[in-house]
Amino acid sequence: MVQITSYLLLFTAVFFTFNHELGLSIRIETSPKTFNDLTTKEIRITCTADGSAYWAKSISTIEMGKAGQPPIAVFKSSNGMMKGPGARRNIQAEGHIEKDVRKSYLRLSVKNPRKEDAGTYTCLIYYLNESYKMKEESFDVNITMDTYDTAQLVKDLFKKVSFLENMIHRQQNSTNDQLDNMELNNKQELEKLNRQQKVTNDQMATMDRNNKKELEKINRQVTQMTQKQNKISSFLAGNTFKGSLTLGKILKFGLVIENIGKNYDPLSGFYTAPVDGLYAFHLFAMSSKSESGKTRRETQIQLIAKDKVRATLLDEHTDVYDQSSVSCGVKLKAGDIVKCVVSYISNSDNTLFVYPWTGFSGYLIQPIA
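Residues numbered from 1 in each chain as written. Predicted model: local features only at pLDDT ≥ 70, side-chain atom pairs only at ≥ 80, totals over all residues. Heavy atoms only, no water.

Asks: So what's going on with the nonpolar core? Residues and values would help.
Replies: Note that soluble globular proteins tend to have their nonpolar side chains buried in a common cluster. The biggest cluster of nonpolar side chains holds 28 residues, and the ones touching the most others in it are F281, L283 and F360. Residues contacting F281, with those up to four places away along its chain left out, are F235, Y271, L303, V326, S327, C328, V330, L332, V338, F360, S361 and G362. (Core = buried A, V, L, I, M, F, W, Y, C linked by side-chain atoms within 4.5 Å. Buried < 20%, exposed > 50% of the residue type's maximum accessible area, 1.4 Å probe, protein only. Contact = heavy atoms within 4.5 Å.)

Given below as structure tokens:
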């Protein structure tokens, strides 16, 4: 009876070992976990299998991305590293899959992180378990961004400089008081005081240099934060040209009513995009009617961005004045050119009315990182 019971216990243990599937655990390491967009140069997010990885026979795929979004990078044992649909220009990826699954990893390096880089990142690993079944495990890690109040930061920095200046003045006053109160009995005592004064002066000079560097640092930081907060570009320019139009003429709107950011050039007629972003443009025009009031006149003006026609204004009339307009939204990169070009005239003496009947305007809707 004892022998039968031992066999049953042995069978139960073996059965449990072959039927209980142990999973793969994932470890994500981040450096740092919290960043700010002014001083942090890089965030590294590394996904690996932890010490329990020996339960997996092999890893087929490791992928990582923002939670709820397409993966940024995918590493397959068959194809190697691939960019995912969620890849961005400031994120680089490296990784490897080894036979020893504990040495397999996928790492994202986020360069110059911004607000949109904060959030939850998910690592997903596909692997064969001991039963040679394809399984998957995932793990999340959250990366946060510190926010700074520009005014408070400047206030704190100037408070630090004020503290340093007060400390210098107190030390200087203390030295002067000692000189006033001490009796200079002999040459040796006087030389000693002179040496102390020299040391104090040297210390003050060093602290002055340090304060100057600190102030320059403050100015740079304030300039950087101001530039980030002032990505504004907008213009409105009116027509001043009264002569006859010619085919292919670039219209130069010489009357500049508004030019925030100074991105519109009235001499060339070009608007140059200052940053990558989504822009809106509006062209309005009124052309002259015929002298007899019976001849049909037609003028067409193309709004061209990045050397492509984005919209065409058609102004057509006979015996009445007719004003036309056209608007469009365009995605531009920094340095792209937008201009207005005459593409068709029905008569060689076609002209345009000056502002406010004819003009060109545009503005930045939203910068795009």
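Asks: Residues and numbers for the packing of aromatic side chains, please.
Replies: Scanning all chains against the criterion turns up ten aromatic pairs. Ring geometry for Y264 and F360: centres 6.4 Å apart, planes at 75°, overall edge-to-face. Linking Y264 in strand β13 (residues 264-265) with F360 in strand β20 (residues 359-367), this pair joins segments that are 96 residues apart in sequence. Take Y264 and F360: they sit in the same class, and that class is buried. Ring-pair connections join several aromatic residues into one group, and the members of that group are F235, F253, Y264, Y271, Y279, F281 and F360. Here the basic side chain of K249 rests over the ring of F241, its NZ or CZ set 4.4 Å away from the ring centre. (Phe/Tyr/Trp six-rings, centres within 6.5 Å; stacked < 30°, edge-to-face > 60°. Helix = DSSP H or I, 4+ residues; strand = E, 2+ residues; numbered from the N terminus. Lys NZ or Arg CZ within 6 Å of the ring centre and 35° of its normal.)

Asks: Before we move on, could you go through the side chain of N90 and cite the residues and values that matter?
Replies: Here N90 lies in the loop between β6 (80-83) and β7 (91-96). A relative accessible area of 9% places N90 in the buried class. Within the structure, N90 has its side chain in polar contact with the side chain of D117 (distance 3.1 Å). Contact partners of N90, with chain neighbours within four places excluded, come to S109, V110, K111, N112, R114 and D117. (Polar contact = N/O pair within 3.5 Å; in protein donor to acceptor, adjacent residues only side chain to side chain.)

Asks: Lay out the sheet that holds β20 with the relevant residues and their values.
Replies: Two strands in a sheet stick together by hydrogen bonds in their backbones, pointing the same way (parallel) or opposite ways (antiparallel). With antiparallel pairing, five strands are arranged side by side in an open sheet as β12-β11-β20-β15-β18. Two strands bound the open sheet, and with one partner strand each, they are β12 (255-260) and β18 (323-332). When the angles between neighbouring strand axes are averaged without regard to direction, this sheet yields 10°. Bridging between strand β11 (residues 234-238) and β20 involves five bridges; their strand directions are antiparallel. Each residue of the ladder has a partner; that of A237, found in β20, is F360. (Pairing = 2+ DSSP bridges. Axes fitted to C-alpha atoms, helices over the stretch in contact; angles between N-to-C directions.)

Asks: Residues and numbers for a nonpolar patch on the surface, please.
Replies: A contiguous nonpolar patch, built from L278, Y363, I365 and I368 and spanning about 340 Å² of accessible area, is present on the exposed surface. One can find I368 in the segment after β20. (Patch = residues over 30% accessible without salt bridge, like charges linked within 9 Å, V, L, I, M, F, W, Y side chains within 5 Å. Areas by Shrake-Rupley, 256 points an atom, 1.4 Å probe, with all protein chains shown as cover. Salt bridge = Lys/Arg side-chain N within 4 Å of Asp/Glu carboxyl O.)

Asks: Outline the state of the cysteines, supporting the account with residue identities and numerical values.
Replies: With the rule as written, the count across this model stands at one disulfide. Between C328, a free cysteine, and C340, which holds the nearest cysteine sulfur, the sulfur-to-sulfur gap is 9.1 Å. Judged by relative accessible area, C328 falls into the buried class, the value being 14%. Exposure remark for C340: the relative accessible area of 1% places this residue in the buried category. (Disulfide = S-S within 2.5 Å.)

Asks: So what's going on with the sheet that holds strand β1 (residues 26-31)? Which residues, and what values?
Replies: Pairing in this open sheet of four strands is antiparallel, and the strands run β1-β3-β8-β7 from one edge to the other. The sheet terminates laterally at β1 and β7, the two strands that pair on one side only. Neighbouring strand axes in the sheet, compared pairwise and without regard to direction, differ in orientation by 15° on average. Pairing of β1 with strand β3 (residues 42-49), which is carried by six bridges, proceeds in the antiparallel orientation. Among the inter-strand pairings, S31 is bridged to a residue of β3, identified as R44.

Asks: Account for the confidence of the model for the protein chain, naming residues and giving values.
Replies: Averaged over the protein chain, the pLDDT score is 83; the fraction of residues at 70 or greater is 85%. Scored below 50 in pLDDT, residues 1-21 makes four contacts in the model with residues more than four places away or belonging to other chains. (pLDDT = per-residue confidence, 0-100.)

Asks: Could you give me a rundown of the pairing of strand β8 (residues 105-111), with the residues and numbers involved?
Replies: Of all seven residues in β8, five are buried; the element is thus mostly enclosed. Taken together, the seven bridges between β3 and β8 define a ladder with antiparallel strand orientation. Along β8, the bridge assignment pairs R44 with S109. Of the strand pairs in this sheet, β7 and β8 are connected by six bridges, and their pairing is antiparallel. Looking at the pairing, H96 lines up with Y105 of β8.

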